[in-house]
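Given next are the chains, with one letter for each unit.
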There are 2 protein chains.
Amino acid sequence: MEKLYGGIEAGGTKFNCIVAANPDEIVVEETIPTTSPAETINRVLDVFRPHQGSLAAIGVGSFGPLDLNPASKTYGYITTTPKPGWQFTDLCGHIRTALGAPIAFDTDVNAAAVGERVWIQQNNVLDPFIYITVGTGIGVGVIVNGKPIHGLVHPEAGHMSLPHDLQEDPFAGNCPYHRDCWEGLASGPAMAKRWGMLAEELPDDHPAWALEANYIAHAIANLVYAFSPQRIVLGGGVGKRTGLLELVQQRCLAVLNNYIRSEIILEHIEDYIVAPGLGSRSGSLGAIAMAQNLGG
Amino acid sequence: MEKLYGGIEAGGTKFNCIVAANPDEIVVEETIPTTSPAETINRVLDVFRPHQGSLAAIGVGSFGPLDLNPASKTYGYITTTPKPGWQFTDLCGHIRTALGAPIAFDTDVNAAAVGERVWIQQNNVLDPFIYITVGTGIGVGVIVNGKPIHGLVHPEAGHMSLPHDLQEDPFAGNCPYHRDCWEGLASGPAMAKRWGMLAEELPDDHPAWALEANYIAHAIANLVYAFSPQRIVLGGGVGKRTGLLELVQQRCLAVLNNYIRSEIILEHIEDYIVAPGLGSRSGSLGAIAMAQNLGG
């Protein structure tokens, strides 16, 4: 039998836990609501304890900000999050101590990028590779030269500034730090505040979707110019809305305006900006791939 | 004696050629005006021929777009440049054939990033590392996970979209592809067109400089969010203007608005966004470092 790994996608509303050898051999899958750190982590540990002896390693992809610097005293912590009670939570430490397995740790979106690249784009040569989630927040995971980007902290590309035409869209934006950054203009809560109803309740023919596609397309164009990625996956609760991906693809072509002379962009944009092949499991199966990469 | 290398910074107006072992041991340094490909490359070869037997390898950092894919038939070419006569010029091939040395090839800005990181930040642990040139055009070189980014083509982050307040700045922008992208708003020619005089003739107290700093700061903030870089070097003819760096640093702090909780940003911005330590030799000495990296 293949080695088993643990995968945890730690989110602000729920923790997705998986025990698996690969996406086709999932032994256990369970979702835990995010409450207090102690309660949540204990319930997560309960999922893995029955398999403790057979887990070669555990991958954790978490909401942040995180300390990803192995030389730091708070490595493996969720750090300055606004989420009540979760500031400076030693997420990795608790799991490592309780389960006695090596831990791979990264942001939720870097984990999702790893998952989509390893399990769906199995050649592993698409580099850079970008995973975007548009939902309650906007996050971007990026693999460059074979590894997720960490850097000074870790990327927070959801907070990039974009053109905002106040005549077309008078909504001021709802980011507490930047007001009308990408997340402030295009996250689910921003849409709800602008239109007075939840994003999922907006009908398909509502002008909200063309505006949403416009912001996502400008942001993707900025990421194309910054990273020259070979593939971009658009996920998240809002990102997966039926029809939005196609609007984003077409708007992105208009924004790029033939500047990047690459066949996949100019002639096959539908193969360049794509939906997550792993559906809602990009993060948790990405964490499994991260655990495998530890070589455990 | 240390091994000698050749370094070429191939620019749209001039080619900077160096034979050196390192920045302190420069044997030859010569500047060739960029005319036709045949004439320019022949004059460049004349610089290196007397040292042909002693060059272990040659680094080339070039204006683009370039073909950086070693598996491509046009690897080492300048490709779809608008520069008359230079489309699909086999820059590497001509140099390799004539001088018989291994060639390292990258964009001018990636070469400059390598140069600043290797020769000035000698620990080589600052990763990601970003070099920005603001001059006739705007270009960005990035090292991530130890190597320059290539990707689908190569980064063209000078073409990112930024907020553009038409009431504050009615200038429409001069990028032929995107009108008011970063380069369209903030390159030297954009400044000249907006203000009716050359950037270098604008006095220090002209409002042009606060506006210029604003665009560069928004772009740097976007790069900080996208890459989480550990150091950013601001170079180029406009970028080196006295006083501009300090305006950019302060404006960047305002744009980031304490979102990135990193000590070097919050308390030492002057050590985070810095001037090129190699002055005008970032590209040519970067090419020397690239040649060394070949292991020749």
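Residues numbered from 1 in each chain as written. Chains lettered and ligands numbered in written order. Predicted model: local features only at pLDDT ≥ 70, side-chain atom pairs only at ≥ 80, totals over all residues. Heavy atoms only, no water.

**Student:** Residues and numbers for the interface of chain B and chain A, please.
**Tutor:** Contacts between chain B and chain A engage 42 residues on the former and 42 residues on the latter. Across the interface of chain B and chain A, roughly 3600 Å² is buried in total on both sides, 60% from carbon and sulfur atoms. Three residues stand out in chain B for area buried against chain A, namely B:L152, B:Y177 and B:Y259, and they jointly supply 20% of the buried area on that side. Summed over the shared surface of chain B and chain A, the number is 0 salt bridges. At the junction of chain B and chain A, the tally comes to 28 residue pairs in polar contact (both at pLDDT 80 or more). It is helix α6 (residues 208–227) of chain B that provides the largest number of residues to the side of chain B that touches chain A, a total of 5 residues. (Contact = heavy atoms within 4.5 Å. Buried area = accessible area lost by both parts, 1.4 Å probe. Salt bridge = Lys/Arg side-chain N within 4 Å of Asp/Glu carboxyl O. Polar contact = N/O pair within 3.5 Å; in protein donor to acceptor, adjacent residues only side chain to side chain. Helix = DSSP H or I, 4+ residues; strand = E, 2+ residues; numbered from the N terminus.)

**Student:** Hey, could you go over the pattern of salt bridges for me, with residue numbers and the actual values?
**Tutor:** Charged atoms that come close allow side chains of opposite charge to pair. All names here are of chain B. Enumeration according to the criterion identifies 10 salt bridges over all chains in this entry. For D46, the salt bridge is made with R49, and the minimal N-O distance between the two is 3.1 Å. Assessed through its relative accessible area of 49%, D46 is described here as partly exposed. Looking at R49, the relative accessible area reads 37%, which means it is partly exposed. (Buried < 20%, exposed > 50% of the residue type's maximum accessible area, 1.4 Å probe, protein only.)

**Student:** Can you lay out unusual backbone geometry for me, pointing to particular residues and giving the numbers?
**Tutor:** The phi torsion of most residues other than glycine is negative, and most of the peptide bonds are trans. For the bond running from B:G64 to B:P65, omega is 5°, close enough to zero to count as cis. In this structure, the amide linkage connecting B:D127 to the following residue, B:P128, adopts the cis form with an omega of -10°. With respect to the element layout, B:P128 can be found in the loop between α3 (108–120) and β6 (129–134). Backbone geometry places A:N257, a non-glycine residue, at a positive phi of 50°. Of note, A:N257 is situated in the loop between α7 (244–256) and α8 (263–267). Here A:N257 falls in the partly exposed class, since its relative accessible area comes to 32%. In this model, B:N145 sits at a positive phi of 50°, which is unusual for a non-glycine residue.

**Student:** Outline the sheet that holds strand β2 (residues 14–22) of chain A, supporting the account with residue identities and numerical values.
**Tutor:** Residues and elements named next belong to chain A. Pairing is mixed across the open sheet formed by 5 strands, whose spatial order is β3-β2-β1-β4-β5. Two strands in the sheet have a free side with no partner beyond their single neighbour: β3 (25–33) and β5 (103–107). When strand polarity is set aside, the average angle formed by the axes of neighbouring strands in this sheet is 15°. Judged from the 6 bridges that link them, strand β1 (residues 4–10) and β2 form a sheet pairing that is antiparallel. Paired with I8 across the two strands is C17, which belongs to β2. (Pairing = 2+ DSSP bridges. Axes fitted to C-alpha atoms, helices over the stretch in contact; angles between N-to-C directions.)

**Student:** Run through the nonpolar core, naming residues and quoting values.
**Tutor:** Soluble globular proteins tend to pack their nonpolar side chains together in the buried interior. The biggest cluster of nonpolar side chains holds 97 residues, and the ones touching the most others in it are A:I132, A:W182, A:F227, B:I132, B:W182 and B:F227. Those residues in contact with B:F227 that sit more than four places away from it in its chain are A:I149, A:H150, A:P155, A:A226, A:F227, B:P128, B:I130, B:V142, B:V144 and B:I149. (Core = buried A, V, L, I, M, F, W, Y, C linked by side-chain atoms within 4.5 Å.)

**Student:** Describe the sheet that holds strand β8 (residues 147–148) of chain A, with residues and values.
**Tutor:** Residues and elements named next belong to chain A. Taken together, the 5 strands give an open sheet; going across it, the order is β8-β7-β6-β9-β10, and neighbouring strands pair in mixed fashion. Strand pairing shows two members of the sheet lacking a second neighbour, β8 and β10 (273–274), which therefore form its edges. In this sheet, strand β9 (residues 231–235) lies alongside strand β6 (residues 129–134) in parallel orientation, the contact comprising 5 bridges. Bridge pairing links F129 to R231 in β9. Sheet contacts for helix α3 (residues 108–120): β6, β7 (138–144), β8 and β9; angle to β7, the most-contacted strand, approximately 55°.

**Student:** Break down the relation of the copies chain B and chain A for me, with residues and values.
**Tutor:** Superposing chain B onto chain A requires a rotation of 180° together with a translation of 0.0 Å along the rotation axis, leaving an RMSD of 0.0 Å. In symmetry terms, the pair is related by a two-fold rotation axis. Looking at the rotation axis and the C-alpha trace of chain B, the residue lying nearest is B:P163, at 2.1 Å. Both copies present the same face, since 100% of the interface residues in chain B are matched by interface residues at the equivalent positions in chain A. (Least-squares fit on C-alpha atoms with pLDDT ≥ 70 in both.)

**Student:** Please provide a residue-by-residue account of the packing of aromatic side chains, values included.
**Tutor:** Residue and element names in this part refer to chain A. If you walk through the whole model with that rule in mind, you get 11 aromatic pairs over all chains. Between F63 and W86, the aromatic rings sit 5.7 Å apart at their centres with planes inclined by 70°, giving edge-to-face as the arrangement. A residue pair is termed long-range when its members are at least 10 positions apart, and F63 in the loop between β4 (55–62) and α2 (91–99) and W86 in the loop between β4 and α2 qualify at 23 residues. Each of the two residues, F63 as well as W86, counts as buried. (Phe/Tyr/Trp six-rings, centres within 6.5 Å; stacked < 30°, edge-to-face > 60°.)

**Student:** Describe in detail the side chain of A:S282, supporting the description with residues and values.
**Tutor:** Residues and elements named next belong to chain A. Relative to the elements of secondary structure, S282 occurs in helix α10 (residues 282–293). What makes S282 buried here is its relative accessible area of 1%. At 2.8 Å, the side chain of S282 forms a polar contact with the side chain of E116. Polar contacts involving the side chain of S282 include one to the main-chain carbonyl oxygen of G279, which spans 3.4 Å.

Just distances and angles here, no functional claims.
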